[in-house]
Amino acid sequence: MDLKVFFGNAAIVCTVASFFSGAFVCKKIWRKGSSADISPFPFLAGVLCGVLWLRYGLFVKDPVVISVNTIGLLFQTIYVLWYYVFTLNKSTLHRQLLGTVILLGGLFYYLIYLTKDESSAIQASGLMASASSLMFCAAPFASLADVIKTKSVENLPFPIIISTFVVTSLWFIYGFLLNDKYIQVPNFIGCLLALFQLSLFAIYPSKRHNVD
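As the structure is a computational prediction, the values presented were derived from the model and not from experiment.

Caption draft 1: Representation of the UniProt feature "transmembrane region" (unreviewed entry) in the chain in the model. Following the UniProt record, one finds the feature "transmembrane region" (unreviewed entry) at residues 6-26, 38-58, 64-85, 97-115, 121-144, 156-177 and 183-204. Secondary structure content for residues 64-85 is 100% helix and 0% strand, and the end C-alpha separation is 32 Å. Spanning residues 156-177, this segment combines 91% helix with 0% strand, and its end C-alpha atoms are found 33 Å apart.

Caption draft 2: Molecular detail of the environment of Leu-93. Along the chain, Leu-93 falls in helix 5 (residues 90-114). Take Leu-93: its relative accessible area is 4%, and that puts it in the buried class. Taking the C-alpha atoms as reference points, Leu-93 and Thr-150, separated by 57 residues in sequence, lie 24 Å from one another. Sequence-distant contacts of Leu-93, defined by excluding residues within four places in its chain, comprise Pro-40, Tyr-83, Tyr-84 and Thr-87.

Caption draft 3: Spatial organisation of a nonpolar patch on the surface. Among the surface-exposed residues, Tyr-109, Tyr-110, Ile-112, Tyr-113 and Leu-114 lie close enough to one another that they form a single nonpolar patch of about 580 Å² accessible area. The residue Ile-112 is located in helix 5 in this model.

Caption draft 4: A look at helix 8 (residues 158-178). For helix 8, with 21 residues, the first-to-last C-alpha span of 30 Å sits near the 30 Å given by 1.5 Å per residue. If you follow the buried residues of helix 8, they end up packed against helix 1 (3-19), helix 2 (21-32), helix 4 (63-85), helix 6 (118-138) and helix 9 (181-203). Downstream of helix 8 by a residue or two, Asn-179 has a phi angle that is positive, lying close to 60 degrees.

Cut-offs used in this document
Residues numbered from 1 in each chain as written. Predicted model: local features only at pLDDT ≥ 70, side-chain atom pairs only at ≥ 80, totals over all residues. Heavy atoms only, no water. UniProt positions renumbered as here; feature names shortened; annotations may be inferred. Helix = DSSP H or I, 4+ residues; strand = E, 2+ residues; numbered from the N terminus. Buried < 20%, exposed > 50% of the residue type's maximum accessible area, 1.4 Å probe, protein only. Contact = heavy atoms within 4.5 Å. Patch = residues over 30% accessible without salt bridge, like charges linked within 9 Å, V, L, I, M, F, W, Y side chains within 5 Å. Areas by Shrake-Rupley, 256 points an atom, 1.4 Å probe, with all protein chains shown as cover. Salt bridge = Lys/Arg side-chain N within 4 Å of Asp/Glu carboxyl O. Expected span 1.5 Å × (residues − 1).

See below:
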């Protein structure tokens, strides 16, 4: 089997499987009865990432990128809605949602009206998608201050972080085989970021993680 096909299929399967990791966070929210102390940033970053990578996939006509991000966008949208339902004070979340919509609108306006040709649009789309991937991988860092303050990783989304490590590793290899720097570079950095976040679980205790 061609290596591109093998790692492309592996990336699809593992990425789709990783989308279910958000369900563990949603389960935690359901058990607590609210989304307090849990950042919505990973879910919002997931939506942003899904939209921008889907746009890039359509530009370069890559069926692997298109299919996986269509599915991912659906999952992340469901997670955002779940988070919204269990948010008691919705004013802050409303501002975050509005900010995400405005950001996407501005980026698409740039791609549609301000890029000179298809080549520059692909380049701009690739850079945007790459930046969004790094944002998604770094999303759990939103809870880093709380981790240091409490000396506990209880509020870090372990399932999302471990799945991010596996998935970014596969996408890095796929991007390397395609010689696509927009897939290659952010996933290599994302893999390192996830590895750093996993190291926090060895440094700080987590009652929930130990019980599980």
